[in-house]
Structures are given as structure tokens and as C-alpha cells.
Amino acid sequence: MIFLYSCGNHIEKQAGEKLKLAQEAFGREDFDEALRQLDSIKIQYPRAFETRKAGNELEMQVKLKDLGQRIAAMDLQLREKEQTLGEIRGKYTLEKDEEYQRTGNYLWPTQVLEKNLHRCYLRFQVNEQGAMSMTSVYCGKGNINHHSIKVSAPDDTFAQTPPARNSYQTTDLDEKIEKADFKLGEDGGVMEFIYAHPDQNIRIEYIGDRSFRTQMLPTDREALVGIYELYQLLASMETLKKEKQEAELEVQFINERIRRKTEESATD
């Protein structure tokens, strides 16, 4: 019994040294190091019950303070991005039917529908939640039933979409109109290819039962660049909002654990 008691004290002492290192790291706000030391107590000294109990309490405090600082930093970043959005929002046209749409779409002013009737072009848009997409628009005397788009630079490098998941056709008097939608990330890199070649003449090929080729207008390349840059801003804001929400949920979870432990201690 004396041996076991002595051995137990030795284990608690060694674990206590790790706990002290964790406390010191917490004091200087080196949260990663504090958590590393606390994890090492669990792994190396599983029978150091008293020290592990103190370590668990310290771990919750470390995580709370770390999360608090991260949330504050994300709040600051969001405010800065919202300010930037406010400064540039006037460059775009927001199309949104308040009665039917919860989320509107930003377009480059030169690509609003009423300015682009009866022509073949690629239209770019990003919604208010940062989801970017491209619509290939074909207008002609006969249908070509296109499903894919290929864009090429003067050096013959190119990008090509897979077959569109969403496409539709209509007729306006004698004109056949076809449209196919492509989301960023599911477009075969076409939008990023155009963004990487903003000053080059881009050739567009509509691929279907028949092919149709045309040249991309400089104003459409400008539209892609403008919409892509807005997408980057909006998407980064959505990512921050999601990360902040996850951090706040974790704070609630830890505070609930602390509350339950406090109640259990009071009952004991």
C-alpha cells in the first residue's frame, strides 16, 4: 500500500509539472501549447486523476479564451469586408424580386438582360451569398442544342465545361434561344480561365448537335473579372460567418459543460 501510494504521488507530481507548463502557456496566451501539454497529461498519465481533473477544467478555460479571441478577430474581418462591399456595391446591378426571391443576383451593368437581347454571349452572376455561376446564351435561326462551352486563348490553351446540368430552350418569333447554366467549380475551370486571360481575345465555342463559334467581347471579359472579384469577397464573408457560427456553438457547448459541472459540485 505504501508503494502504491508513493507511486501514485510520483505520477501526480509528474503530471502536475505538465499542468504547470500548460498554465504558464495559458498565461502568455499560447493556447496551442497549453492544449498540447494538457493532451500529454491524458496520454502519459491516465491514472493521475486529480491532475487530470484540474487539467480538464483548465482546458475548458483555454478553449473559451481562444474561441473568444478568434470570434473577435472574425468580427473585425467581417466589418472590414462589409465596409469594402459597401464601397463597391454601386458598381454592380442587383436583380432581385422581393416577392419571389430570398437571394438576389449581382450582375455587371453591361450584362443586364435588356441590354443583351438577340446575341450569343456568356453571362456571369454571383448571388448575395457568394455563389457564382455562368449562363451560356445562344440566339440563332436554328437550334444547335448546345450543352457545353469551350473557351480558348490565342496560344490555343483552353478550358471546357462538362455537359450542363441545367439547360432550357425557347422561341421568340423566329429566333431560337438556348441557355445552359454552370456553377463555379462545376464549369471545367472556364470562369477561372477567362479571369486568368482578361486582356486576351477569347474564342467561345458552343458544343452540341452542331457547333457555333464566336469571339468574346471585351465588355464580357470585364464583366467576368468584376463578378469574379465580387464572388471572392462575398464567398470569404460567407466562410467567416460559418466559422464564427461554429465557434459560437462551441462556446455554448463548453459553457453548458461548465454549468453542469458546477451544479454537480454543488449537489455533492
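Residues numbered from 1 in each chain as written. Predicted model: local features only at pLDDT ≥ 70, side-chain atom pairs only at ≥ 80, totals over all residues. Heavy atoms only, no water.

A. Region of the structure containing the sheet that holds strand E6 (residues 158-160). Read from one edge of the open sheet, four strands run E6-E5-E9-E10, paired in antiparallel fashion. In the strand order of this sheet, the two ends are held by E6 and strand E10 (212-215), each with one partner. Strand-to-strand twist across the sheet, computed as the mean angle between neighbouring axes with direction ignored, equals 15°. Relative to E10, strand E9 (residues 203-207) runs antiparallel, the two being bridged by four bridges. What sits directly across from Tyr206, in E10, is Phe212. (Pairing = 2+ DSSP bridges. Helix = DSSP H or I, 4+ residues; strand = E, 2+ residues; numbered from the N terminus. Axes fitted to C-alpha atoms, helices over the stretch in contact; angles between N-to-C directions.)

B. Broad picture of the packing of helix H2 (residues 31-44) against helix H3 (residues 49-88). Two elements in contact, H2 and H3, have axes whose closest approach is 10 Å; the angle formed by their N-to-C orientations is 155°. Comparing their axes, H3 and H2 come out roughly antiparallel. Helix-helix and strand crossings are classified by hand; for H2 and H3 the assignment is left-handed. Of the residues in H3, those touching H2 at Phe31, Ala34, Leu35, Leu38, Asp39, Ile41 and Lys42 are Thr51, Arg52, Gly55, Asn56, Leu58, Glu59, Val62, Lys63, Lys65, Asp66 and Gln69. Across the contact of H2 with H3, the residue classes tally to seven nonpolar, four polar and seven charged. (Parallel < 35°, antiparallel > 145°, perpendicular 65-115°, else oblique. Left-handed = near helix turned anticlockwise from the far one by under 90°. Contact = heavy atoms within 4.5 Å. Nonpolar A, V, L, I, M, F, W, Y, C, P; charged D, E, K, R; others polar.)

C. Unusual backbone geometry, seen in detail. Its identity as a non-glycine residue notwithstanding, Glu29 has a phi of 65°, on the positive side. With respect to the element layout, Glu29 can be found in the loop between helix H1 (2-27) and H2. Residue class for Glu29 comes out partly exposed when judged on its relative accessible area of 37%. Residue Asn145 is not a glycine yet carries a positive backbone phi of 55°. With respect to the secondary-structure elements, Asn145 resides in the loop between strand E4 (132-140) and strand E5 (148-152). Asn145 sits in the partly exposed class, given a relative accessible area of 30%. (Buried < 20%, exposed > 50% of the residue type's maximum accessible area, 1.4 Å probe, protein only.)

D. Spatial organisation of H2. For H2, spanning 14 residues, the distance from its first C-alpha to its last is 20 Å, which sits close to the expected 20 Å at 1.5 Å a residue. Listed in full, the buried residues belonging to H2 are Phe31, Ala34, Leu35, Gln37, Leu38, Ser40 and Ile41. (Expected span 1.5 Å × (residues − 1).)

E. Representation of the side chain of Arg123 within the structure. Tracing the sequence through the fold places Arg123 in strand E3 (residues 121-127). Separated by 3.2 Å, the side chains of Arg123 and Tyr121 make a polar contact. Apart from residues no more than four positions distant in its own chain, Arg123 is found in contact with Leu107, Gln111, Leu113, Ser133, Met134, Thr135, Val137 and Lys179. (Polar contact = N/O pair within 3.5 Å; in protein donor to acceptor, adjacent residues only side chain to side chain.)

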